[in-house]
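Tertiary structure, described
Chain residues, written in single-letter form:
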Amino acid sequence: MTTIDLTVNGRSVTAAVEPRQHLADFLREHLRLTGTHLGCEHGVCGACTIEMDGMPARSCIAFAAACDGMSLRTIEGFDEDPLMAELREAFSAEHALQCGFCTPGMLVTAHDIVQRLPDADEKRIRLELAGNLCRCTGYAGIVNAIKRVLAARKAGRTASAAVAAPAAAPFVPFAAAASAPAAATPPAFARASAGEPGLAAAKAGWTELVESFVVRRPPAEVWRILGDLPMIAACLPGAELDEHDARNVKGRMRVKVGPIAAAFAGAATIERDEARMAGTVRGAGSDGATGSRTRGEVEYALQADGAGATRVAVTIRYSLQGALAQFSRSNVARDLARRLIGQFAANLDARLDPGRAAAPGPAAPGEGLDLGRLVWAWIKDRLARLFGRNV
Amino acid sequence: MKAASFDYARPRDLGEATRLLAQAAGAAKALAGGQSLGPMLNLRLARPALLVDIARLESLHAIADGGDHWLIGAGVTHARLEDASGALPGAEMLCHVAHGIAYRAVRNRGTVGGSLAHADPAADWPLALAALDATAEIAGPKFARRTPVAALMTGAFTTVLADDELIVSVAVPKASPQARWGYYKFCRKPGEFPDASAAVVLDPARKVARLYAGALDGPPQALPALAAAAAAGTVPSLDDIEAALAPVARGLDDIDRRLHAVAVQRALKQAIAR
Ligand SMILES: Cc1cc2nc3c(=O)[nH]c(=O)nc-3n(C[C@H](O)[C@H](O)[C@H](O)COP(=O)(O)OP(=O)(O)OC[C@H]3O[C@@H](n4cnc5c(N)ncnc54)[C@H](O)[C@@H]3O)c2cc1C
Ligand code: FES
Ligand code: FES
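The following refers to the structure shown. Values in this document were obtained by computation on a predicted structure and should not be read as measured data.

Examining the overall build of chain B
- Regarding its fold elements, chain B presents ten helices and 14 strands.
- Computed over C-alpha atoms, the radius of gyration of chain B comes to 19 Å, within 12% of the 19 Å expected from 2.2 N^0.38 for 274 residues, which places it in the range of a compact globule.
- With respect to the three principal axes, the spread of C-alpha positions in chain B is 55 × 45 × 30 Å.
- Every one of the 274 residues in chain B was classed for burial, and the buried ones make up 61%.
- The long-range share in chain B, meaning contacts at least 24 apart out of those at least 6 apart in sequence, stands at 62%.

Next up, the structure:
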């Protein structure tokens, strides 16, 4: 519990709160200020919008514990506010509400629009309202209500003369100095050369990803190594084998994407076609913590790539369901899969050729793919070698 | 939609903040505006054991004139930059970009540092500040370092920041009065993350031409050849832009690639016409 002192609607409040309690729940359940509504609880719908230190903000993604010392105003705190009285009147006259669920958030937002943008036209009003969703009115009444208040206020003051922006001089072409843009790709990936991507969604709702990398060993040897499941797991950051035979594996896979840490537990079956030097892995897994499920398959095929080297072509198809999928656009999982392949290729290469300096070392068992840390470790390692000591 | 339990700490200064992060060894997260972390906590996608609240650290709030650059504190909100229109000569693009992020209620809390650290591939600051050639100042418990914003993000939601490092500020080079810039986003709805985006800065006085495509799978990607062509006064064709995108923006289907090419072309046209 954290003790907070704050001002709510002009009244001092002291309370002990659990850090995880979001501000809207605190207002509704602790202070019984139920005018603040909750729709999406992740910042999208605007129903929970209140004023924090005089500015509209989402109370569903703020935490009460972080509001110590702040001054808050909920819809109940606008009872005596003259501008809000005008807005209430206008909302009623223009039929700007039906069920009323979105209305507290709409009114707080409208109050901000009128105060901050006294010259807003309809287009600007609509733009400013984009963060508040209404399922009933179709917005026309809400927009008209705000227009009505703005017009009434404008009539009461002298029109401000529009200032014309100075005309800019025309663009003069020039020769750009050649500057190598900073590489945003970590160094380890340079060697995991990727083939032409293919992204034909093979199955509805599935994402397909085609990549390839080169291992500096002949195909027969790489084929043998790829049959060594513990070795594969060791090269795949975040992977851990629980049990396996030649065709079946059970294991876990940790991934870390920014603040998200997921640990998928699952099982897969493996088919290997000796003659074609190609294989398929099909599996499914779930992560209890984020309530996410995934199903997927990996096809791989080996081909000689010059003397003594092998190109491994990989096609990954997967579907993702649950909170993780809800949060991430498909490209995030794609980027993660691609980085996993790059990391796998680098680790495999380092293992096959231990003499050479390893790229960002294989992640410690049980540690998920965390590129930030890997690259940082790599830089530290370089610095240490340069200065002959630990940085 | 309620966050799992976590502890909460509000350090007094930056040193205490990085020390708390270091002690937690990866189990803690900094909390700035909470506009990205809040939703992830509520969805229980993120489950840190400790939140280190840096939102009110004064040292992260400054906007300062550094002579040839503007120094923007990591804790500066999008709304403050939106409202700084006219007050940041040579960095007008910052105000324009800030205005287009999410909604006012989100901009009032969300910060530049949080956006860079969160590293959403479709976010505005990683793209805009890469095109502006900004440099991030980073502090850890032991030492500080600098990194070009263009090299900060290494993948979706992944940066070069260590668990105990914080972004302190970004230095944004001032453009000359002859400079032009363009910024274009395709959003299904205003305030939503874009499906495709592009940012360009052309500054004849500094011989700078930087063009980045955003909203890709991973970090924004530089398109230096197209930037140089634009500097010389040529707006490349959509086919040429697609060809330049192909090697750096892998994994796009035909429609996505065209959408990104159009975003790039519109950003370039804005810059040259502006
Ligand atoms: C509905 C909605 C729509 C949005 N639309 C857009 C959009 O169109 N474009 C866009 O760019 N963004 C958008 N955002 C995100 C918004 O810009 C966030 O403000 C921003 O991504 C995160 O900033 P924050 O200060 O809120 O960070 P937080 O949410 O507090 O933190 C985000 C992450 O960064 C870390 N962090 C924060 N500050 C620092 C620091 N100084 N140093 C190191 N790490 C740090 C945290 O630990 C956390 O992992 C949207 C958000 C919402 C809720
Ligand atoms: S409930 Fe807060 S924005 Fe939807
Ligand atoms: S009035 Fe029902 S949601 Fe807006």
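Examining the interface of chain A and chain B
- Tallying the contact residues gives 80 residues for chain A and 86 residues for chain B.
- Our enumeration of links across chain A and chain B arrives at three salt bridges.
- Across the pair Arg338(A) and Asp217(B) runs a salt bridge whose closest N-O atoms are separated by 3.1 Å.
- Taken together, chain A and chain B are joined by 15 residue pairs in polar contact (both at pLDDT 80 or more).
- The biggest single contributor to the side of chain A that touches chain B is helix α9 (residues 330-352) of chain A, with six residues.
- Here the residues of the side of chain A that touches chain B sort into 48 nonpolar, 13 polar and 19 charged.

Points about the packing of helix α9 (residues 238-248) of chain B against helix α10 (residues 254-273) of chain B
Residue and element names in this part refer to chain B.
- Two elements in contact, α9 and α10, have axes separated by 9 Å at closest approach and are oriented at 115°. The orientation of α9 relative to α10 falls into the category roughly perpendicular. Crossing geometry of α9 relative to α10 is assigned as right-handed. Facing Leu 238, Asp 239, Ile 241, Glu 242 and Leu 245 of α9, the residues of α10 in contact are Arg 257, Arg 258, His 260, Ala 261, Val 262, Val 264 and Gln 265.

Structural notes on the packing of helix α2 (residues 82-93) of chain A against helix α5 (residues 140-155) of chain A
Residues and elements named next belong to chain A.
- It is at 8 Å that the axes of α2 and α5 come closest, and there the two elements cross at 135°. In terms of orientation, α2 lies oblique with respect to α5. At the point where α2 passes α5, the crossing takes the right-handed sense. Residues Leu 83, Glu 86, Leu 87, Ala 90, Phe 91 and Ala 93 of α2 form the contact with α5, whose participating residues are Ile 142, Ala 145, Ile 146, Arg 148, Val 149 and Arg 153.

Section: the sheet that holds strand β5 (residues 69-73) of chain B
Residues and elements named next belong to chain B.
- One open sheet accounts for five strands, arranged β4-β5-β10-β6-β7; its pairing is antiparallel. The sheet is open, and its two borders are formed by β4 (63-65) and β7 (144-148), each paired with just one other strand. On average, each strand axis in the sheet is tilted by 20° relative to the strand beside it, whichever way the strands run.
- Bridge count for β5 against strand β10 (residues 166-173) is five bridges, and the pairing is antiparallel. Within the sheet, the bridge partner assigned to Gly 73 lies in β10 and is Ser 169.
- Where helix α1 (residues 14-24) meets the sheet, it contacts β6 (135-139) and β10, and its direction lies at approximately 125° from that of β10.

Considerations on the pattern of salt bridges
Residue and element names in this part refer to chain A.
- Per the counting criterion, the structure on display carries 40 salt bridges over all chains.
- When the shortest N-O distance is used, the salt bridge between Asp 112 and Arg 116 registers 3.1 Å. Here the residue Asp 112 and the residue Arg 116 both occupy positions in helix α3 (residues 103-116), the gap between them amounting to four residues, near one helical turn.
- Of the charged contacts in the structure, one is a salt bridge between Arg 116 and Glu 128, with a shortest N-O distance of 2.8 Å.

Looking at the site of ligand 1
- Around ligand 1, a shell composed of 33 residues is seen, among which Ala30(B), Ser36(B), Leu37(B), Thr111(B) and Asp124(B) lie nearest.
- Residues lining ligand 1 come from chains A and B.
- Between ligand 1 and Leu37(B), the relevant distance is 2.7 Å, taken from an oxygen atom to a main-chain nitrogen or oxygen of the residue.
- Residue His78(B) places a side-chain N or O atom 2.9 Å away from an oxygen atom belonging to ligand 1.
- Protein burial of ligand 1: of its 970 Å² of free accessible surface, 95% is covered by the chains.
- Only β2 (28-31), α6 (112-118) and β10 of chain B provide two or more residues apiece to the shell around ligand 1.
- For the shell around ligand 1, the element with the highest residue contribution is α6(B), accounting for five residues.
- Within the shell around ligand 1, the residues separate by chemical class into 16 nonpolar, 13 polar and four charged.

The rules behind the values
Residues take numbers from 1 onward in each chain, read along the sequence in its written order. Whichever chain is written first becomes A and whichever ligand is written first becomes 1, with later ones labelled in order. Whole-chain, interface and lining totals are the exception, using all residues; otherwise, since this is a predicted model, local features are given only for residues with pLDDT of at least 70 and side-chain atom pairs are given and counted only at 80 or more. Side-chain numbers come from the whole structure's heavy atoms, not from hydrogens or water. Strands are runs of DSSP state E lasting at least 2 residues, helices are runs of H or I lasting at least 4, and numbering of each runs from the N terminus. Within these notes, the globule rule equals 2.2 Å times the number of residues to the 0.38 power, and the radius of gyration is based on C-alpha atoms. Exposure is judged per residue with a 1.4 Å probe applied to protein chains only, and the accessible area is read against the type maximum: over 50% gives exposed, under 20% gives buried, and values in between give partly exposed. Contacts are residue-level and defined by heavy atoms, with any inter-residue pair within 4.5 Å sufficient. A pairing counts as a salt bridge when a side-chain nitrogen of Lys or Arg comes within 4 Å of a carboxyl oxygen of Asp or Glu. Counted as a polar contact is a pair of N or O atoms within 3.5 Å, where, for protein atoms, one must be capable of donating a hydrogen and the other of accepting one, and residues adjacent in sequence contribute only when both atoms are in side chains. Note on residue categories: nonpolar means Ala, Val, Leu, Ile, Met, Phe, Trp, Tyr, Cys or Pro, charged means Asp, Glu, Lys or Arg, and polar means any other residue, Gly included. For helices, the fitted axis covers only the stretch in contact; all axes are lines through C-alpha atoms, and the angles between them, taken along N-to-C directions, range from 0 to 180 degrees. With respect to orientation, any angle under 35 degrees is reported as roughly parallel, any angle over 145 as roughly antiparallel, any angle of 65 to 115 as roughly perpendicular, and every other angle as oblique. Each crossing is labelled by how the near helix is turned from the far one, with a counterclockwise turn of less than a right angle marking it left-handed and a clockwise turn marking it right-handed. Strands are treated as partners if at least two bridges between them are detected by DSSP. Any residue with at least one heavy atom within 4 Å of a molecule or strand is counted as near it. Values of accessible area rely on a 1.4 Å probe in the Shrake-Rupley scheme; residue burial ignores everything except the protein chains shown.

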